[in-house]
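Structural characterization, general
The primary structure of each chain is shown beneath.
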Amino acid sequence: MAKEKKAKAPRRKKMRTYQQRQNRTGYMFMAPWIIGFVLFTAFPFIMTIYLSFTAVQLEISGYIIKWNGVANYYTAFFKNEKFLPALLSYLQMIIPYTFIVVVLSFIIAYLLNKIKVGKGILRTIYFLPVIIMSGPVMAQILAVQNAGVDTSVATDVALQTNAYSNIFIMQIIQSYSPALANGLAGIFDHLSIILWFTGIPIVLFINGLQKINPSIYEAAKIDSANAWQIMWKITIPMLKSVGLIITVFTVIQLGMFDSINPVYELIEEATADTNGGLGFAATYAWIYSIVALLIIGFVFLLFKDRKPKDIKARKRQERKLKKLDKQQKRRLAAQKRHQKKEARLYGK
């Protein structure tokens, strides 16, 4: 009688957790970008790092690349009279502009989310500049505004506030801090640019506001919370992840216009220079990229979720107990080794 082969039990599918399914879905959505980065961006990305340490010249036979170490970086920081002022100007621009764009877009999105009648039309109006102001239109506006700003700087920096000297609040600020008044005047001069950059952040903030469960607001009102407390204790904390995305997006987007970012203008000029400019362009690009990454890292620290003090204390206590447990195990293991050694020497 032949032995019957035992039927193999069906293999059970491994159950995935909710977080694993979410991660898998996220990677599926990111797959087109990842594939595009590997195919079209990875090689230029690595090549730019290499070119920043070389001297590149264009001749009849083609590009001639010579390794020169960190000479390009030394020239950028210590010999080029344009790069460091441009980098400092970028830092002076990016911090207040990013703050104003994020705060202003949140306020407008919060008000638009509260409106019940005609909210679709108003949202379209606020997003319309993003559609109408294409690259050439925006470049023309920036060129006209920068021409006025450059003229005022050439005469006297304090003249920027003359257009707003009749405003009582501006007079108070100017008497307290002329530098702060000058900065506010520069912001007012570029208000159209700031409003243009708020289009996409407004849409993202509205999307985040609509995802908040209304029952949370109802429960807060039952607990006698006013509108100010609801905004600071519920709305803003729940929009922290959206605010992080918007801030990073704004930092990157503001740096992509040569009329705003002088470093980007230097990169374009060096790229067009065929007499060794390509290596300097790669150097400028990498220094700018590192500075932008540092700013983004600071943004991540700023929006990082901070654990309550009781949770931190419990985590510290758990780590201390684990450490004591390991020490106890090591002592027991050493004691057993000592007992075995004595047993071998003197017998049981």
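We now turn to the structure provided with this report. What you see is a predicted model; the values in this text were computed from it and never measured. (Residues numbered from 1 in each chain as written. Predicted model: local features only at pLDDT ≥ 70, side-chain atom pairs only at ≥ 80, totals over all residues. Heavy atoms only, no water.)

When charged atoms on two side chains of opposite charge get close, those side chains can pair. Tallied over the entire structure, the rule returns one salt bridge. Of the charged contacts in the structure, one is a salt bridge between K329 and D325, with a shortest N-O distance of 3.7 Å. Taken together, the positions of K329 and D325, both in helix α15 (residues 309-346) and four residues apart, correspond to about one turn of that helix. Take K329: its relative accessible area is 54%, and that puts it in the exposed class. (Salt bridge = Lys/Arg side-chain N within 4 Å of Asp/Glu carboxyl O. Helix = DSSP H or I, 4+ residues; strand = E, 2+ residues; numbered from the N terminus. Buried < 20%, exposed > 50% of the residue type's maximum accessible area, 1.4 Å probe, protein only.)

On to the packing of helix α12 (residues 240-254) against helix α14 (residues 277-302). Packing of α12 against α14 brings their axes to within 10 Å, and their N-to-C directions diverge by 165°. On the basis of the axis angle, α12 is roughly antiparallel to α14. In terms of crossing hand, the pair formed by α12 and α14 is right-handed. Where α12 approaches α14, its residues L244, T247, V248, V251 and I252 are matched on the opposing element by I295, I296, V299 and F300. (Axes fitted to C-alpha atoms, helices over the stretch in contact; angles between N-to-C directions. Parallel < 35°, antiparallel > 145°, perpendicular 65-115°, else oblique. Left-handed = near helix turned anticlockwise from the far one by under 90°. Contact = heavy atoms within 4.5 Å.)

Looking now at the environment of I206. Mapped onto the fold, I206 is located in helix α9 (residues 199-210). Each C-alpha atom of the pair I206 and L112 lies 7.8 Å from the other, and the pair is 94 residues apart in sequence. When neighbours within four sequence positions are excluded, I206 is seen to be in contact with A109, L112 and R123.

Moving on, we come to the packing of helix α2 (residues 71-79) against α14. Where α2 meets α14, the closest approach of the two axes is 9 Å, and the angle between their N-to-C directions is 70°. By the criterion of interaxial angle, the relationship of α2 to α14 is roughly perpendicular. Every pair of crossing elements has a handedness; the one defined by α2 and α14 is right-handed. Along its contact with α2, which presents N72, Y73, T75, A76 and F77, the element α14 presents G279, F280, T283, Y284, W286 and I287.

This part is about the pairing of strand β2 (residues 62-67). Across six bridges, the pairing between strand β1 (residues 54-59) and β2 is antiparallel. Its bridge partner being in β2, E59 is matched across the sheet by G62. Where β1 folds back onto β2 in an antiparallel hairpin, the turn is made up of two residues. (Pairing = 2+ DSSP bridges.)

On to unusual backbone geometry, then. Generally, phi is negative for residues other than glycine and the peptide bonds are trans, each holding for most cases. Of note in this structure, S224 is not a glycine but carries a positive phi near 70°. Relative to the assigned elements, S224 resides in the loop between α10 (214-222) and α11 (227-238).

For the rest of this paragraph, the subject is the side chain of T98. Considering the arrangement of structural elements, one finds T98 in helix α3 (residues 83-114). Look at T98 and you get buried, because its relative accessible area is 8%. A polar contact is formed between the side chain of T98 and the backbone oxygen of I94, at a distance of 2.5 Å. The contact partners of T98, leaving out residues within four places of it in the chain, are T247, T250, V251 and L254. (Polar contact = N/O pair within 3.5 Å; in protein donor to acceptor, adjacent residues only side chain to side chain.)

For the rest of this paragraph, the subject is the packing of aromatic side chains. As enumerated under the stated definition, the model contains 14 aromatic pairs in all. Both rings, one in F53 and one in W67, keep their centres 5.7 Å apart while their planes meet at 20°; by these two values the pair is stacked. One end of the pair, F53, is in the loop between α1 (18-51) and β1; the other, W67, is in strand β2, and 14 residues separate them in sequence. The partly exposed category is assigned to F53, whose relative accessible area is 24%. For W67, a relative accessible area of 59% translates into the label exposed. Relative to Y284, the ring of F83 lies with its centre 4.9 Å away and its plane at 15°, an arrangement referred to as stacked. Placement of F83 in helix α3 and of Y284 in helix α14 is noted, with a sequence separation of 201 residues between them. A relative accessible area of 0% means that F83 is categorised as buried. Exposure remark for Y284: the relative accessible area of 6% places this residue in the buried category. (Phe/Tyr/Trp six-rings, centres within 6.5 Å; stacked < 30°, edge-to-face > 60°.)

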